[in-house]
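One letter stands for each residue in the lines below.
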Amino acid sequence: MIQLTTATAIENAINKARTVKPRVRVNCFGSYTVTNKTTGATYSVECLKQDGKRFAHCSCEAGKRGRACYHLAAAVAAHIQLATEQASH
Ligand SMILES: [Zn+2]
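Residues numbered from 1 in each chain as written. Predicted model: local features only at pLDDT ≥ 70, side-chain atom pairs only at ≥ 80, totals over all residues. Heavy atoms only, no water.

Okay, the coordination of the zinc ion next. Around the zinc ion, the protein contributes the donor atoms Cys-58 (SG), Cys-60 (SG), Cys-69 (SG) and His-71 (ND1), which lie 2.0 to 2.3 Å from the metal centre. Considering all four donor atoms around the zinc ion, angles at the metal cover 107 to 114° and the coordination shape is tetrahedral. In primary-sequence terms, the residues that donate to the zinc ion follow C-x1-C-x8-C-x1-H. A residue is classified by how much of its surface remains accessible, and Cys-58, at 0% relative accessible area, is buried. Judged by relative accessible area, which is 6%, Cys-60 ranks as buried. (Donors = N, O, S within 2.8 Å, 3.2 Å for Na, K, Ca; no water. Tetrahedral: all angles 85-135°; square planar, octahedral: opposite > 155°, others 65-115°. Buried < 20%, exposed > 50% of the residue type's maximum accessible area, 1.4 Å probe, protein only.)

Encoded structure:
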């Protein structure tokens with residue numbers, strides 16, 4: 001589980017996500033399945049809010065060690081977009 005503070009903290013992961021372009025499927029708000037289209041590997045990413053702080057977790061090896069992986073970055077980007085859309089309704 002990593003805390004999402006600023007975008008720069010996961011900037012490297014975001015850049016990698018832009019290169020790899022994994023597919024992000026929304027299971028429900030806050031729960032995502034990220035697929036690497038090349039390898040077919042899928043990972044679960046959860047986004048949640050606790051005490052006003054945002055956290056995210058990915059099921060891959062890097063994610064288990066608390067590192068920001070590109071799966072997490074891709075899911076967080078989708079999550080923010082969803083949150084923005086919900087707020088505008
Ligand atoms: Zn991951």
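Strand direction decides the pairing type here: strand E3 (residues 31–35) and strand E4 (residues 42–50), joined by five bridges, are antiparallel. Residue pairing in the sheet places Thr-35 in a bridge with Thr-42 of E4. The antiparallel pairing of E3 with E4 creates a hairpin that spans six residues between the two strands, and Gly-40 there sits at a positive phi of about 80°. Pairing of E4 with strand E5 (residues 53–58) involves six bridges; the strand directions are antiparallel. Within E5, the residue paired with Lys-49 across the bridge is Arg-54. Between E4 and E5, which pair antiparallel and follow one another directly, the connecting turn spans two residues, one of which, Asp-51, has a positive phi of 50°. (Pairing = 2+ DSSP bridges. Helix = DSSP H or I, 4+ residues; strand = E, 2+ residues; numbered from the N terminus.)

Here the focus is the nonpolar core. Formed by 15 residues in total, the largest nonpolar core has its most connected members in Leu-4, Leu-72 and Val-76. No other element matches the three residues that helix H3 (residues 70–88) contributes to this core. Core analysis: the second largest hydrophobic core is formed by five residues, Ala-13, Ala-17, Ala-73 and Ala-74 among them. (Core = buried A, V, L, I, M, F, W, Y, C linked by side-chain atoms within 4.5 Å.)

Attention now moves to the side chain of Asn-36. Along the chain, Asn-36 turns up in the loop between E3 and E4. Classification of Asn-36 by relative accessible area gives buried; the value is 10%. Here the side chain of Asn-36 touches Tyr-70 through a polar contact of 2.9 Å, side chain to side chain. What Asn-36 contacts, discounting residues up to four positions off in sequence, is Val-20, Ala-41 and Tyr-70. (Polar contact = N/O pair within 3.5 Å; in protein donor to acceptor, adjacent residues only side chain to side chain. Contact = heavy atoms within 4.5 Å.)

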